[in-house]
Amino acid sequence: MVDDQDTKVAARLKNKVFFERDDIDFTFQWLLSFMHCGGVSQGELLKLARQIDPNSITSYKNEFEKEAIKVEATAEDSLKRGHSFSAGEAFIRAHSYYRAAFYGTFPHEPDFSRFHQKSVECFQKALDAKSGQTPHEWVEVEYKGYKFPGCFLKAEHSDVPKPTILFHNGGETHKEDTYFLGGQAAIDRGYNALIIDLPWDVCARFYEPEATAKNFPKEELHNVYRATTDFLLARPDVDAARLVVSGMSYGGAKTMVHASCDDRFAAAVPNSPVYSMASFIERGMPSFLRGSADEAAKQTEKMPYTGQALFAGSVWSHGFDSIVEWYDAAKEALDVDPRDVQCPLLSMYSEAEHPEMKRQAVETYEKAPNKKNAIFLGTEEDGADLHCQINNLPLSYQVMFDWLDEVLDYNIQTSVEQK
């Protein structure tokens, strides 16, 4: 018999706003967070919430796809008639709805690659249509013949060196999501940002099928991370003295790895700073992840469909045969000593996180040696208690960028005045 905790990926929310099911309501609140930079429309999202049968994966996917197709058509019409800004706004919403449909899709289904392709296509059209307001370049980081796609979001239309943030993706996060989860906030404040799909990320295998966790064990993962830093530092518009690494959720663990194996960062902002994925899997994830592959397969079938899809996607993206292989791989590649992160570090976490994630966030703050380190807890009182403060991103970024401005001695207003 699987217990309640074993049907959940991890503790991520305390309060539900629309759906009774935790997994669907978390998805709903995650999409709501995109609203602050135009990723979804309130009316469209609420209409979808009313129409979706939360107990039917077919209903979930179909409703989001129908909305994506409809909004994409309006974007194409605006673009054809020369209204590029309106087209960009509609394309970004179409992207989000295709992306949401992908969230409930399994790797063996034809829709898995189709939804991903459509979401990426709409995202690219959105940024290109709004290139006047959102300067950007489509880039690739090359490593040993592999090419990893990204988007370099520019603070302005120039090559003046600017503080730059490298964002790592979370366990369910595509580089396009990271535009909403940090990229736009960065360029609004005069920072460049690199959003990219790298090994151990969800989408790297769409571009490089052999870029799996099996082929990128610890040392190779460190090497491709350092190659990404090299790529940024080679750019004339990157201020080498103000380079930052950040990431949410699983991206917090990747941030800890990158900051511990590369001393060229001026600051690190993990949200949350998981320094031991193995310990988090042991204490914060379903118990069958430490069992046999057969047990995991049987227990996974008892999970809500989005949890099943998430685990199936993780098996595929990491190149595993079973989700239980994640534990051994993570123990080898994603466990670091917080004392190895020498740069200033802001540890961010939330009240709704699992106790193990909270423990590691506090311990990271206490053990990382820099005197400029800081810690922030998102609370229910502030409407920021959800996983990675996803329900109050404006507050989260207020805290993050105010701290960065002070640590890096940078302010967009001062920068503009000095030109």
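Just so we're clear, the structure is a prediction, and the values are computed from it rather than from any experiment.

> Just checking my understanding: could you explain the overall build of the chain for this structure?
If you tally the helices and strands in the chain, you get 16 helices and 8 strands. Taken against the 2.2 N^0.38 rule, which gives 22 Å for 419 residues, the C-alpha radius of gyration of the chain at 20 Å falls within 12% of a compact globule. Counting all 419 residues of the chain, 62% fall into the buried class. For the chain, the computed accessible surface area is about 16100 Å², with 49% contributed by carbon and sulfur atoms.

> Quick question: what am I supposed to make of the UniProt feature "domain: Peptidase S9 prolyl oligopeptidase catalytic" (unreviewed entry) in the chain here?
Those places that UniProt annotates as "domain: Peptidase S9 prolyl oligopeptidase catalytic" (unreviewed entry) correspond, in this numbering, to residues 227-281. Spanning residues 227-281, this segment combines 44% helix with 29% strand, and its end C-alpha atoms are found 28 Å apart.

> What should I look at first to understand the side chain of Asn373 in this one?
Mapped onto the elements, Asn373 comes out in the loop between helix H14 (355-367) and strand S8 (374-378). Here Leu345 takes part through its backbone nitrogen, which lies 2.8 Å from a polar atom of the side chain of Asn373. For Asn373, the side chain forms a polar contact with the main-chain oxygen of Ala368, separated by 3.0 Å. If sequence neighbours within four positions are ignored, Asn373 has contacts with Cys343, Pro344, Leu345, Tyr365 and Ala368.

> What should I look at first to understand the packing of helix H10 (residues 277-284) against helix H13 (residues 325-333) in this one?
Any two packed helices are characterised by the angle at which their axes cross and by the distance between the axes. It is at 7 Å that the axes of H10 and H13 come closest, and there the two elements cross at 145°. Between H10 and H13, the contacting residues are Met277, Ala278, Ile281 and Glu282 on the first element and Trp326, Tyr327, Ala330 and Lys331 on the second. Of the residues that constitute the contact of H10 with H13, the class distribution is 6 nonpolar, no polar and 2 charged.

> Would you mind showing me how to read the pattern of salt bridges here?
Side chains that differ in sign of charge can pair as their charged atoms come close. This model, assessed by the stated rule, comprises 32 salt bridges. For Lys367, the salt bridge is made with Glu363, and the minimal N-O distance between the two is 3.0 Å. Here Lys367 and its partner Glu363 are both found in helix H14, 4 residues apart, which amounts to about one turn of the helix. Glu363 sits in the buried class, given a relative accessible area of 19%.

Rules used in this analysis
Residues numbered from 1 in each chain as written. Predicted model: local features only at pLDDT ≥ 70, side-chain atom pairs only at ≥ 80, totals over all residues. Heavy atoms only, no water. Helix = DSSP H or I, 4+ residues; strand = E, 2+ residues; numbered from the N terminus. Rg over C-alpha atoms; globule rule 2.2 N^0.38 Å. Buried < 20%, exposed > 50% of the residue type's maximum accessible area, 1.4 Å probe, protein only. Areas by Shrake-Rupley, 256 points an atom, 1.4 Å probe, with all protein chains shown as cover. UniProt positions renumbered as here; feature names shortened; annotations may be inferred. Polar contact = N/O pair within 3.5 Å; in protein donor to acceptor, adjacent residues only side chain to side chain. Contact = heavy atoms within 4.5 Å. Axes fitted to C-alpha atoms, helices over the stretch in contact; angles between N-to-C directions. Nonpolar A, V, L, I, M, F, W, Y, C, P; charged D, E, K, R; others polar. Salt bridge = Lys/Arg side-chain N within 4 Å of Asp/Glu carboxyl O.

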